[in-house]
Amino acid sequence: MTTSSSERGVSLGMPELPAPAYPDDVRTRLEADAREIIARYPDSRSALLPLLHLVQSEEGHVTRTGMQFCADVLELTTAEVTAVATFYTMYRRRPSGDYQVGVCTNTLCAVMGGDAIFAELQEHLGVGNGETTDDGKVTLEHIECNAACDFAPVVMVNWEFFDNQTPASAKRMVDDLRAGRPVEPTRGAPLCTFKETARILAGFPDERAGAVEATGGAGPASLVGLRLARGEAAPARVVHPREGASQDRDGSPQDRGVHEPSPTEHLSSHDAPQDTSASDPAHPAGPAAEEGE
């Protein structure tokens, strides 16, 4: 007995039609931008990544039209362009919101409250991972590590940092975004829309007043290695993690109260736990003390 293709759930429909072209005025503008981007590279195909950001800035995600445009100007096949566009998660493949709200759910952020933030935002916004609110303002997703572990748990909006978040602060933030109220990142440049962010990632200058001068800052745990390398770190003490003296094998007391490290020892930031908003709501802005204090 044979089974038909329809019974097996296999679609034998017509092939997908070619991607529609951009309107003439849009294509003319994008071609001028593309020439500027391509001129930066000795090999034109090296411009594919910023060109994908460029077409993403046009429609808010990388469409079939955008990929066809990249293929045309770089003399690549659409298969080559699609392979790159589907590999990197910063390229969106479907319509998304003005603000990409990413909650880090990697190990440290997760245990510090990232999982709770993500779960409460899903319920609060009524969307799942990768979905967009009905008003088109916010797309929610969980993201991988953003190298800001000393500020965990971290939420990013259009790749700008919102450090030491709690479920309550994250919900206030998305409510402000949806209402059009000003929202300031913890550090870094002021927020702009996802389309504007994509154009900046394509390599075009951020022309907003004061945006270039705005800068972020790493926390003490991020900089301790650099300070040690420069010889700038003050001598630190490592306290034995268990209270009370331990004993040697013969039962005699052993003093493990304080250990003075040698100059060659590299101390872990976890030897001196720091307060965050998850453990100390009175200090929501960042770590409470410098490393080793």
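## Quick word on the overall build of the chain
The helix and strand tally for the chain stands at 8 helices and 9 strands. Scored against the burial criterion, the 293 residues of the chain give a buried share of 34%. Put simply, 62% of the contacts in the chain that link residues at least 6 apart link residues at least 24 apart. Taken as a whole, the chain presents about 17300 Å² of accessible surface, with 52% of it coming from carbon and sulfur.

## As for the packing of helix H2 (residues 48-59) against helix H7 (residues 194-201)
Where H2 contacts H7, the two axes come as close as 8 Å, and the packing angle between them is 160°. Classified by the angle between their axes, H2 and H7 sit roughly antiparallel to one another. As H2 packs across H7, the resulting crossing turns out to be left-handed. When H2 is examined against H7, the residues His53, Leu54, Gln56, Ser57, Glu58 and Glu59 are found in contact with a partner set consisting of Phe194, Lys195, Ala198, Arg199 and Leu201. Residues that form the contact of H2 with H7 fall into these classes: 4 nonpolar, 3 polar and 4 charged.

## A short note on unusual backbone geometry
Proline 153 follows alanine 152 through a cis peptide bond whose omega is 0°. Examined against the element boundaries, proline 153 turns out to sit in the loop between strand S3 (138-143) and strand S4 (155-157). With a phi angle near 50°, asparagine 158 is a residue other than glycine that sits in the positive phi range. Take asparagine 158: it is sitting in the loop between S4 and strand S5 (160-162).

## Notes on the confidence of the model for the chain
Within the chain, residue pLDDT values average 80, and 72% of them lie at 70 or more. Confidence over residues 242-246 falls short of pLDDT 50; this stretch has 5 contacts with residues more than four positions distant or in other chains.

## Section: the nonpolar core
Core analysis: the largest hydrophobic core is formed by 24 residues, its most contacted members being Leu51, Leu52 and Val81. Among the nonpolar cores identified, the runner-up in size contains 19 residues, and Tyr99, Val101, Leu121 and Val183 belong to it.

## Concerning the pairing of S3
Of all 6 residues in S3, 5 are buried, a share of seventy percent or more. Here strand S1 (residues 99-104) runs beside S3; their pairing, made up of 6 bridges, is parallel. Within the sheet, the bridge partner assigned to glutamine 100 lies in S3 and is threonine 139. Relative to S3, strand S2 (residues 131-132) runs antiparallel, the two being bridged by 2 bridges. Opposite threonine 132, over in S3, you have threonine 139 as the bridge partner. The hairpin formed by S2 and S3 contains 5 residues between the paired strands, and glycine 136 there has a positive phi angle of roughly 75°.

## What about the pattern of salt bridges?
For the structure on display, the rule yields 11 salt bridges. Salt-bridge contacts for glutamate 120 lead to lysine 171; the nearest nitrogen and oxygen are separated by 2.9 Å. Within this pair, whereas glutamate 120 is found in helix H5 (residues 107-125), its partner lysine 171 is found in helix H6 (residues 167-179), the two being separated by 51 residues in sequence. Take glutamate 120: its relative accessible area is 32%, and that puts it in the partly exposed class.

## A closer look at the packing of aromatic side chains
Each aromatic ring pair is summarised here by two numbers: the centre-to-centre distance and the angle between the ring planes. Under the criterion given, the structure shown has 3 aromatic pairs. Pairing tyrosine 88 with tyrosine 91 gives two aromatic rings, centres 6.3 Å apart and planes at 85°, and the pair type is edge-to-face. Among the residues examined, tyrosine 88 registers a relative accessible area of 39% and is labelled partly exposed. Seen from the ring of phenylalanine 161, arginine 187 lies directly overhead, with NZ or CZ sitting 4.1 Å from the centre.

## Concerning the state of the cysteines
Evaluation of the coordinates by the stated rule reveals 0 disulfides. Cysteine 109 takes part in no disulfide bond, and the closest cysteine sulfur, belonging to cysteine 104, lies 3.7 Å away.

## Describing H7
For H7, the complete set of buried residues consists of Phe194, Thr197 and Ala198. Viewed along the axis of H7, the buried residues span an arc of 100°, placing them on a single side of the element. Buried residues belonging to H7 abut H2 and S1.

What counts and what doesn't
Residues numbered from 1 in each chain as written. Predicted model: local features only at pLDDT ≥ 70, side-chain atom pairs only at ≥ 80, totals over all residues. Heavy atoms only, no water. Helix = DSSP H or I, 4+ residues; strand = E, 2+ residues; numbered from the N terminus. Buried < 20%, exposed > 50% of the residue type's maximum accessible area, 1.4 Å probe, protein only. Contact = heavy atoms within 4.5 Å. Areas by Shrake-Rupley, 256 points an atom, 1.4 Å probe, with all protein chains shown as cover. Axes fitted to C-alpha atoms, helices over the stretch in contact; angles between N-to-C directions. Parallel < 35°, antiparallel > 145°, perpendicular 65-115°, else oblique. Left-handed = near helix turned anticlockwise from the far one by under 90°. Nonpolar A, V, L, I, M, F, W, Y, C, P; charged D, E, K, R; others polar. pLDDT = per-residue confidence, 0-100. Core = buried A, V, L, I, M, F, W, Y, C linked by side-chain atoms within 4.5 Å. Pairing = 2+ DSSP bridges. Salt bridge = Lys/Arg side-chain N within 4 Å of Asp/Glu carboxyl O. Phe/Tyr/Trp six-rings, centres within 6.5 Å; stacked < 30°, edge-to-face > 60°. Lys NZ or Arg CZ within 6 Å of the ring centre and 35° of its normal. Disulfide = S-S within 2.5 Å. Arc of directions from axis to C-beta.

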